[in-house]
Amino acid sequence: MNHLPVSRLFAVASVLALLMAVLSIAPAGPATATTPFDCDGFTCTDVTFTGGNDLTLHGTVIGPAEPHAQMPGIVLVGGSGPVPRTQVQYEARAFAAAGLTALVYDKRTDGYSFARRDFSLLADDTLAAVQTLRGTTGVRADQVGVWGFSEGGWVAPLAASRSGDIAFLLTLGASGLSPLRTQTWSLAMTLRHRGAGGSLSDTIAGPAARLLGDTGAFPEANFNPLPALAALRVPVLALWGQYDVQVPPAESAAVLRNTLTAAPSVTIDFLPDTAHNGHSTTDGFDRLGTAPGPGAPRGAFAPGYLDTMTTWIHQVTGGTLPPSSAATPPSQPVTSSDPGHGWTTSARTQLALIAALVLVFTIWLWRTFAHRDTHAGSTTRRRTRALGAPDS
């Protein structure tokens, strides 16, 4: 077995205990709209359709107040977690205001949780949504595209690689790396922001990440996005915020630029002063301005974010493919590292070791504080006796 310093093993144990606690939290029940879907100034139609594994999904088709015939359409695929349709309604409203028909839907929770996810199943849901929108009155069936945000940046390309019915693809904050490598990079960025790092970051990116991946505690840990990207034969617009701290923007852009070789048009761009989710920020961790509506993510959309997407869509659907281009990526202060695979022992042995370390560490803490309390009590009694006061 590879030996690690005791301090690093305790760090691994602590990190794993925290991550396992987070990953074990599963959403209860189906995703539901937590705030009313705002249809003021638009036309909205609720729809149901059958996704992967014959699960019934619920969504809303939103279009201009005065829809015209044969409009392009777009299906929105949200990020991680039990995303209700209202969470991406603000982008949907922007698309509708620009003359498109958008479909947003509540993400499944049956077969999806923080500890269990299947990108292939989520891609099946996306393809079902595409077929629903293609059959909607007033929508051009040959001009329906997909928008994918964050986790949707893995799911949307996978869906587009499987079907000739998707006409174009947009991504925001897509990672060109595996989910596990992406997550460890994001944790390293957070530690750096909080003034930590060094050996703790190395531990997270190495032994802790390998253990999570090898034991299956991190769902879809080693999903490889490259085959789907290489198979895409539709125009692609890939956007990242200048201050994306959840996926490595420069590295991801390089992966997409080098992999999307079959796509007829690829536009890679970076939005200045913008966070992972398209909102204004100064460093990726704060959110500036007022939210675009009740229940919206904190902060306001960055200038140019929505216009960049709608302008590009009109070019593509209007028959004028923009020439492929790749903007200069922003400085990325931390480079991701491949966690690799496995210690030399089995996953069961690894878990037993970590459990033992956590137990020993917990007992040590308890004995330490108990000893301090006992010692403090003995000292107090000695002092009271010295002053002539009775023991209480």
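Above this note sits the structure.
Residues numbered from 1 in each chain as written. Predicted model: local features only at pLDDT ≥ 70, side-chain atom pairs only at ≥ 80, totals over all residues. Heavy atoms only, no water.

Here we come to the environment of A96. Note that A96 resides in helix α2 (residues 89-97). Linking A96 and I74, residues 22 residues apart in sequence, is a C-alpha distance of 9.5 Å. Not counting residues up to four positions away in its chain, the partners in contact with A96 are F42, I62, G63 and P64. (Helix = DSSP H or I, 4+ residues; strand = E, 2+ residues; numbered from the N terminus. Contact = heavy atoms within 4.5 Å.)

Looking at where S163 falls in the secondary structure, it is placed in the loop between α4 (152-162) and β6 (169-172). We classify S163 as buried; its relative accessible area is 17%. (Buried < 20%, exposed > 50% of the residue type's maximum accessible area, 1.4 Å probe, protein only.)

Another aspect to go through is the nonpolar core. Residues F49, L103, Y105, W240, L260 and I268 are the most contacted members of the largest nonpolar core, which totals 45 residues. If one sorts the elements of this core by residue count, helix α3 (residues 119-134) sits on top with eight residues. Not counting residues within four places of it along the chain, the set of residues in contact with F49 comprises L55, T56, L57, L103, Y105, D125, A128, A129 and T132. Core analysis: the second largest hydrophobic core is formed by 29 residues, F42, V88, A167 and I313 among them. (Core = buried A, V, L, I, M, F, W, Y, C linked by side-chain atoms within 4.5 Å.)

For the rest of this paragraph, the subject is the state of the cysteines. Tallied over the full model, the rule gives one disulfide. A sulfur-sulfur separation of 1.9 Å characterises the disulfide bridge that pairs C39 with C44. Because the torsion about its S-S bond is -110°, the bridge between C39 and C44 counts as left-handed. The exposure class assigned to C44 is partly exposed, which follows from its relative accessible area of 28%. (Disulfide = S-S within 2.5 Å.)

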